[in-house]
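Observations on the three-dimensional arrangement
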Protein chains: 2
Amino acid sequence: MSSSLRPLFHPTRIAVIGASANPEKMGFQIYRNIREAGFPGEVIPVNPKGEQILGTTSVKSPGDLREGIDLAVVIIPAKLVPATILQLGERSVRAAIIISGGFAESGEEGAALQEELARNAARCGIRLVGPNCQGVNYPYHNLCASWPLITRRGEMAIVSQSGTVGAALIDWASEDGLGFSAFVSLGNRADVDEADLIDFFADDPNTKVIALYIEGVKDAAKFLSAVRKCRKPIVIFKAGRTERGRQAAESHTRSLAGSDAIYDGVFRQLGIHRASTLEELYDFAKALAYVPAPPGPRMLIITSSGGSAIIATDVAEEEGFSVVPLPPGLSGRLRELLPSHCIVGNPLDLTGDTDAERYRTVLTAAEGYYDVVMSIFGDPIPGASRIMPPGRCDLVAYLGGAEVERAERRLLQEKKVAVFPTPERAVRALAKRLRL
Amino acid sequence: MSSSLRPLFHPTRIAVIGASANPEKMGFQIYRNIREAGFPGEVIPVNPKGEQILGTTSVKSPGDLREGIDLAVVIIPAKLVPATILQLGERSVRAAIIISGGFAESGEEGAALQEELARNAARCGIRLVGPNCQGVNYPYHNLCASWPLITRRGEMAIVSQSGTVGAALIDWASEDGLGFSAFVSLGNRADVDEADLIDFFADDPNTKVIALYIEGVKDAAKFLSAVRKCRKPIVIFKAGRTERGRQAAESHTRSLAGSDAIYDGVFRQLGIHRASTLEELYDFAKALAYVPAPPGPRMLIITSSGGSAIIATDVAEEEGFSVVPLPPGLSGRLRELLPSHCIVGNPLDLTGDTDAERYRTVLTAAEGYYDVVMSIFGDPIPGASRIMPPGRCDLVAYLGGAEVERAERRLLQEKKVAVFPTPERAVRALAKRLRL
């Protein structure tokens, strides 16, 4: 299955059906985003008036497109879409992203249109994302057929039944300097669903973790089979826990939201990490992509902030880590190496006058003693990004450092060292990497 | 009691004992922050070498200070502090902030020094903050005797046993554009404690809510009395829930952390809002300061993002709100006013093509029908800040809007409309304002 999605993520040429010269219109914004994200191939605007858009003259009808276009992005009124798909099929287009709404989410008439759309696509061999979606963003191919324009490459694939939720996640990842490998907005899932995408990203070399926001699974058997085959970690936030939430979910994208308890049991059995908030979805994915799995639960906490370390200790103990005392050998060695006012214990408090070098001293001396070392930088500590070796089993939180923190956090994350904004979020995220 | 803290927050002249010309030193950074925050009175550096610091010549000894200085900020080795306090007492100084560490947190010897310090201060009638603390920041008097340099005025007073935790909170508030009324780092609490500060901020006209991070209460009777007298909302994050967390707390500032269950019961009885994470501490304080209390639980959710609204509905129902269906009158009116593809229900989905004006239409039409209206802006929606009337009982979440979101969020918050980064955090925070 997954190979059939290749034209969606690796197209050679893209047609934008419903591209517009009016900057207020979605048809302009998407066409512009595709261009500005630096898509390497041809991008052909299609517009009945033949408008000039960003210097390119539109083709007037999908029927006029030349051969060799693999992907179409469609932003036209719903009632025109099914026939347009047939025209695209004749031009040998192989995948389409239907942004337009007005399908199953809008009532009976829309539902009939959506069925016609799906039938036509199947007949032509076109794979469909949507309709009623926010598109696809695959920065490794400079493909931003979506909005907002976000292009930073990373290792988390984001699949979402809500466009906004997906956009929020890739925006956080981009602001963090971590980036994402893909964002797919599922919309009404007339064809491509979460199972297809789990299949695809399981084989995608740029993706390390798959994070999904869903309101319900579309095809349970297909989903189970895709998850079972996938060797990469999967994190899911499933909405619709309450009765009114479930009702809202069912009216949103006509999902059968189903009983939350069943989802919970199935996710547990399949080894899916379940997030219960959007921030957990992001944090868990971030830890699974960027923090190596600790070989055991013994955690050393190094800090400049006593309070932050107490908070970390509480959460670590609650989440199954063990903040065990320093072994005497290490303790003695650290007393020699550190100024006398440092509190040599676990947590190890370097106190407020510390610089980054003091962390390096401890990280080096403590090597081999613990399963995971957590560094908490509290207050402005310049140079934190210089002393953290990337790829080591290190958990980092940085807080209370204002401008210095923001600069260092970004530098660290550009080196692929994940930095969490609070000790709690750091520890809870890493707990997902702990085999209990 | 609280009047005796006036010199701490409203000094006329400040002496910085241990000011330094070396930019690497805390004694430089604090002196510079006091100057750069725009303190309106005289700031006198005191330094045994008589250094020139930022253009001002230091006084060589506290004994050489002239009369009329009400506040001293002290950053000198611990062993010199008790005698210095006596000198300051002779110069009629009335309050001191002791930044220096090396007291009770560092062992027996330090504990003895701290007792001597407290005795000397009491003898001279000097109120002490600290020792071993990150100072005091009171932007309404342009007083930043702390770090980092953060100056944005707002309505939350932050009191913290951890300097870093306090600094993180005021940094978040400042980045949000909301600001804070005060930050006090308690340190070892040789004199001034959380009860004194609850007393003071209860009467402080700039403070609407008091948020505290503590590892343990210093004097239970005094604390209970201060909380009972305080008419403003209080939010507390108490660390040391687990056995190892409690041990770490006790070694951090020699607090008697005590049993968590007892704290929980007492907080509940006193009507204190207990936060269980740093972000909750911040969110709860933000809602209590900036979002009016809803008269009842009936919530209308307006959204551009179906998914975000489902998430909000789940949390609202879980937290005691009622996302009840639209009354027929309102429903009929909205169908007339809104484009036909909008989903008129509760949640009310304006769909992805909405602009800010469509929110205004609904907010106006819905007036009087619900106890609270939550607006969720999903994706870039310019002008959100223009249509939200400040001071109304409105809850706002904004996500997935990248640059537009960041600009609008700041504009909204500068108008004192609190904006939360996820629907969950918004609803959980507002739940603190709901009388169940």
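Everything below is about the structure printed above this text.
This report concerns the structure included in the present document. (Residues numbered from 1 in each chain as written. Chains lettered and ligands numbered in written order. Predicted model: local features only at pLDDT ≥ 70, side-chain atom pairs only at ≥ 80, totals over all residues. Heavy atoms only, no water.)

The secondary structure content of chain A amounts to 16 helices and 19 strands. In terms of C-alpha radius of gyration, chain A reaches 25 Å, essentially the compact-globule figure of 22 Å for 436 residues. For chain A, the exposed area adds up to about 15300 Å²; of that, 50% sits on carbon and sulfur atoms. Here chain A contributes 49 positively and 51 negatively charged side chains, and the mean placements of these two sets differ by 4 Å. (Helix = DSSP H or I, 4+ residues; strand = E, 2+ residues; numbered from the N terminus. Rg over C-alpha atoms; globule rule 2.2 N^0.38 Å. Areas by Shrake-Rupley, 256 points an atom, 1.4 Å probe, with all protein chains shown as cover. Lys, Arg positive; Asp, Glu negative; His and termini not counted. Charge placed at Lys NZ, Arg CZ, Asp CG, Glu CD.)

Here we come to the sheet that holds strand E6 (residues 95–98) of chain B. Sheets are built from strands that pair by backbone hydrogen bonding, the pairs being arranged parallel or antiparallel. All names here are of chain B. Overall, parallel pairing links the five strands, which are arranged E2-E1-E5-E6-E7 in an open sheet. At either margin of the open sheet sits one strand with a lone partner, and together these are strand E2 (42–46) and strand E7 (127–129). Taking each pair of neighbouring strands and ignoring which way they run, the sheet shows an average axis angle of 20°. For strand E5 (residues 71–74) and E6, the ladder comprises four bridges, and the chain directions are parallel. Residue Leu71 lies in a different strand from E6, and its bridge partner there is Ala95. (Pairing = 2+ DSSP bridges. Axes fitted to C-alpha atoms, helices over the stretch in contact; angles between N-to-C directions.)

A word on the packing of helix H5 (residues 163–176) of chain B against helix H10 (residues 278–290) of chain B. Residues and elements named next belong to chain B. Here H5 crosses H10 at 50°, and the two axes come no closer than 11 Å. Taken together, the axes of H5 and H10 are oblique relative to one another. When the axes of H5 and H10 are compared, the crossing they make is right-handed. Residue-level inspection shows Val165, Leu169, Trp172, Ala173 and Asp176 of H5 in contact with H10, the latter providing Leu278, Glu279, Leu281, Tyr282 and Lys286. Tallied by class, the residues present in the contact of H5 with H10 amount to seven nonpolar, no polar and three charged. (Parallel < 35°, antiparallel > 145°, perpendicular 65-115°, else oblique. Left-handed = near helix turned anticlockwise from the far one by under 90°. Contact = heavy atoms within 4.5 Å. Nonpolar A, V, L, I, M, F, W, Y, C, P; charged D, E, K, R; others polar.)

Once that is clear, we can look at helix H13 (residues 356–365) of chain B. Those residues of H13(B) lying buried are Ala356(B), Arg358(B), Tyr359(B), Val362(B), Leu363(B) and Ala365(B). In this structure, the buried side of H13(B) is in contact with strand E15 (299–303), helix H12 (328–337), strand E16 (348–349), strand E17 (372–378), helix H14 (384–387) and strand E18 (394–399) of chain B. (Buried < 20%, exposed > 50% of the residue type's maximum accessible area, 1.4 Å probe, protein only.)

Between chain A and chain B, the residue contacts involve 65 residues of the former and 65 residues of the latter. In total, about 4500 Å² of surface goes out of reach between chain A and chain B, with carbon and sulfur atoms giving 58% of it. Counting the surface chain A buries against chain B, the share from its top three residues, Thr164(A), Arg244(A) and Ile310(A), is 14%. The interface formed by chain A and chain B contains 10 salt bridges. Going through the elements one at a time, helix H5 (163–176), helix H8 (243–253), helix H10 (278–290), helix H11 (306–318), helix H15 (402–414) and helix H16 (423–431) of chain A are the ones with two or more residues in the side of chain A that touches chain B. Of the residues assigned to the side of chain A that touches chain B, the class counts are 26 nonpolar, 21 polar and 18 charged. (Buried area = accessible area lost by both parts, 1.4 Å probe. Salt bridge = Lys/Arg side-chain N within 4 Å of Asp/Glu carboxyl O.)

Turning next to helix H7 (residues 220–229) of chain A. All names here are of chain A. Among the residues of H7, Phe223, Ala226 and Val227 are the ones counted as buried. Seen along its axis, H7 keeps its buried residues to an arc of 95°; they face one direction. Every exposed residue of H7 that faces more than 90 degrees away from the buried side is listed here: Ala221, Arg228 and Lys229. On its buried face, H7 sits against helix H6 (194–203), strand E13 (234–238) and helix H9 (260–270). At the N-terminal end of H7, a side-chain oxygen is found 3.3 Å from the backbone nitrogen of Ala221, two or three residues along, and the residue is Asp219. (Arc of directions from axis to C-beta. Polar contact = N/O pair within 3.5 Å; in protein donor to acceptor, adjacent residues only side chain to side chain.)

This next bit is on the environment of Arg119(A). All names here are of chain A. Looking at where Arg119 falls in the secondary structure, it is placed in helix H4 (residues 108–124). Take Arg119: its relative accessible area is 53%, and that puts it in the exposed class. For the pair formed by Arg119 and Ile85, sequence separation is 34 residues and the distance between their alpha carbons is 9.9 Å.

Counting residues in each nonpolar core, the largest one holds 110 residues, and the members touching the most others are Met156(A), Met374(A), Met156(B) and Met374(B). If near-sequence neighbours (up to four positions away) are discounted, Met156(B) is found in contact with Ala173(B), Leu178(B), Gly179(B), Phe180(B), Ser181(B), Ala182(B), Val209(B), Tyr282(B), Ala285(B), Lys286(B), Ala289(B) and Tyr290(B). (Core = buried A, V, L, I, M, F, W, Y, C linked by side-chain atoms within 4.5 Å.)

What follows covers the relation of the copies chain A and chain B. Think of it as a corkscrew move, a rotation about one axis and a shift along it, taking one chain copy to the other. Mapping chain A onto chain B calls for a rotation angle of 180° and an axial translation of 0.0 Å; the resulting RMSD is 0.0 Å. Here the copies are linked by what is in effect a two-fold axis. Of every C-alpha in chain A, the one belonging to Glu279(A) sits nearest the axis of rotation, 5.6 Å from it. Most of the interface of chain A is mirrored in chain B, where 100% of its interface residues again form contacts. (Least-squares fit on C-alpha atoms with pLDDT ≥ 70 in both.)

Turning our eyes to something else, we now look at the sheet that holds strand E11 (residues 180–185) of chain B. Residue and element names in this part refer to chain B. One open sheet accounts for seven strands, arranged E9-E8-E11-E10-E12-E13-E14; its pairing is mixed. Both outer strands of the open sheet, strand E9 (143–146) and strand E14 (273–274), are each paired with one neighbouring strand and no more. One ladder, built from five bridges, connects strand E12 (residues 209–214) with strand E13 (residues 234–238); its direction is parallel. Looking at E13, one finds that Tyr213 is bridged to Phe237. Packed on one face of the sheet, helix H6 (residues 194–203) meets strand E8 (135–138), strand E10 (153–160), E11, E12 and E13 and runs near 170° to E12.

A word on the pairing of strand E1 (residues 13–17) of chain B. Residues and elements named next belong to chain B. Buried residues dominate E1, accounting for four of its five residues. Looking at chain direction, E1 and E2 are connected through five bridges and run parallel. Directly across from Ala15, in E2, lies its bridge partner Ile44. The parallel pair E1 and E2, bridged by helix H2 (residues 26–36), forms a crossover whose chirality is right-handed. Of the strand pairs in this sheet, E1 and E5 are connected by four bridges, and their pairing is parallel. What sits directly across from Ile17, in E5, is Val74. (Right-handed = clockwise from strand over helix to strand, strands pointing away.)

The next subject is the packing of H10(A) against H16(A). Helix-helix packing is described using two parameters, namely the angle between the two axes and the distance between the axes. Residues and elements named next belong to chain A. It is at 8 Å that the axes of H10 and H16 come closest, and there the two elements cross at 65°. When the axes of H10 and H16 are compared, the crossing they make is right-handed. When H10 is examined against H16, the residues Glu279, Asp283, Phe284 and Ala287 are found in contact with a partner set consisting of Arg425, Arg428, Ala429 and Leu430.

What follows concerns the packing of aromatic side chains. Here a ring pair, both rings aromatic, is described through the centre-centre distance and the interplanar angle of the planes. Applying the stated rule across the entire model yields 20 aromatic pairs over all chains. One aromatic cluster is present, built from ring pairs that chain together Phe9(A), Tyr138(A), Phe200(A) and Phe201(A). Residue placement shows Lys238(A) over the ring face of Tyr263(A); its charged tip is 4.7 Å from the ring centre. Above the ring of Tyr370(B), the side-chain terminus of Arg298(B) is found at 5.5 Å from the ring centroid. (Phe/Tyr/Trp six-rings, centres within 6.5 Å; stacked < 30°, edge-to-face > 60°. Lys NZ or Arg CZ within 6 Å of the ring centre and 35° of its normal.)

A few words now on the environment of Gly102(B). All names here are of chain B. Tracing the backbone through its elements, the reader meets Gly102 in the loop between E6 and helix H4 (108–124). Each C-alpha atom of the pair Gly102 and Glu279 lies 31 Å from the other, and the pair is 177 residues apart in sequence. Sequence-distant contacts of Gly102, that is, excluding residues within four places in its chain, are made with Ala78, Gly110 and Leu113.

To continue, consider the pairing of strand E11 (residues 180–185) of chain A. Residue and element names in this part refer to chain A. Most of E11 is tucked away: six of the six residues are buried. Here two bridges tie strand E8 (residues 135–138) to E11, and the two strands are oriented antiparallel to one another. Across the sheet, Asn137 pairs through a bridge with Phe183, a residue of E11. In this structure, strand E10 (residues 153–160) lies alongside E11, joined through five bridges in parallel fashion.

Glancing now at unusual backbone geometry. Residue and element names in this part refer to chain B. Along the chain, Trp147 connects to Pro148 via a cis peptide bond; the corresponding omega equals -5°. The residue Pro148 is located in the loop between E9 and E10 in this model. In this structure, Pro347 follows Asn346 across a cis peptide bond, with omega equal to 5°. Position of Pro347 among the secondary structure elements: in the loop between H12 and E16. Phi is positive for Asn132, which is not a glycine, with a value near 60°. When you line up the elements, Asn132 lands in the loop between E7 and E8.

A few words on the state of the cysteines. Per the counting criterion, the structure on display carries zero disulfides over all chains. Cys133(A) carries a free sulfur, and the closest cysteine sulfur to it, the one in Cys144(A), is 12 Å from it. For Cys133(A), a relative accessible area of 6% translates into the label buried. With no disulfide of its own, Cys124(B) lies closest to Cys133(B) among cysteine sulfurs, the gap being 19 Å. (Disulfide = S-S within 2.5 Å.)

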